[in-house]
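A closer look at the structure
Given next are the chains, with one letter for each unit.
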Amino acid sequence: MKLFIDSSLLVEYVKNTKTELLEYLVASESDLYISSTVVSEFFFHYLAIRGGKSPLTLKVNRQIASCLKQGEYTGFLQQFGFLEDLASVVTRAPELMQRHNLLPNDALILATCLHHSLPYLASYDENDFRDVCTAEGITLISSVDEAKQLLAD
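Per-chain numbering applies: the sequence of each chain, read as written, is numbered from 1 onward. Reporting in this predicted model follows two pLDDT cut-offs: at least 70 for local features of residues, and 80 or more for side-chain atom pairs to be given and counted; totals over whole chains, interfaces and linings ignore these cut-offs and use all residues. Side-chain measures were taken over the full set of non-hydrogen atoms in the model, leaving aside hydrogen atoms and water.

Notes on the sheet that holds strand 2 (residues 31-35)
Here the rule is simple: two strands pair whenever DSSP picks up at least two bridges between them. Secondary structure elements follow DSSP: runs of H or I no shorter than four residues count as helices, runs of E no shorter than two count as strands, and numbering proceeds from the N terminus. If you trace the five strands from one edge of the open sheet to the other, you get 3-2-1-4-5, paired in parallel fashion. Looking at strand neighbours, the two that pair on one side only are strand 3 (81-83) and strand 5 (139-141), the edges of this open sheet. Between one strand axis and the next, the sheet turns through 35 degrees on average, direction left out of account. Sheet analysis places strand 1 (residues 2-5) next to strand 4 (residues 120-122), joined by three bridges and oriented parallel. For L3, the partnering residue across the bridge sits in strand 4 and is Y120. Most of the contacts of helix 8 (residues 104-115) go to strand 1, to which it runs at about 165 degrees, and overall it touches strand 1, strand 3 and strand 4. Seen against the sheet, helix 9 (residues 126-136) touches strand 4 and strand 5 and runs at an angle of roughly 155 degrees to strand 5. Axes, fitted as lines to C-alpha atoms, cover a helix only where it is in contact. Angles between the N-to-C directions of the axes lie from 0 to 180 degrees. In what follows, residue pairs with any heavy atoms lying within 4.5 Å of each other are defined as contacts.

This is the structure in structure tokens:
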């Protein structure tokens, strides 16, 4: 199964709050993909988690380096395939923003799935993606039960 991983799964995993779905998907040996949009969102939240302050406050106080230990996140991110943001993805995002009332990063994620013909999106952001994914022919996976059902088919 090929699917796109939203930053919400990565962030919850690092927070050690909701780890089950990502662990299940990695163990399922499915083809899991991320993009620079997901990586950017992940690092933004990662800084806040590690630094205990907003990323902007960490920047102003010159504390970003102290929040990042060299390479501690590299192996974690390398277990996913990386899909580049192509021009066609970037140009399609505004159309998706208008059609579905999406924020930019959500539109970029959806455009990436559509461009690469990825039929599944794993995300905890059901309010952002449930109806939009249905409208665009993408299956949203937000729980282990949903993932199990899809893998069983």
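Examining the nonpolar core
Looking at soluble globular proteins, one finds that nonpolar side chains tend to be buried together. The biggest cluster of nonpolar side chains holds 45 residues, and the ones touching the most others in it are F4, I5, L10, L25 and L121. The element contributing the most residues to this core is helix 8, with seven residues. Those residues in contact with I5, other than ones at most four positions away along the chain, are L10, L22, L25, L32, Y33, I34, V38, F80 and A122. Side-chain atoms within 4.5 Å are what join buried Ala, Val, Leu, Ile, Met, Phe, Trp, Tyr and Cys residues into a set we call a nonpolar core. Burial status follows relative accessibility: with a 1.4 Å probe on protein chains alone, a residue under 20% of its type maximum counts as buried, one over 50% as exposed, and anything between as partly exposed.

In short, the description is geometric, and any link to function would need to be established separately.
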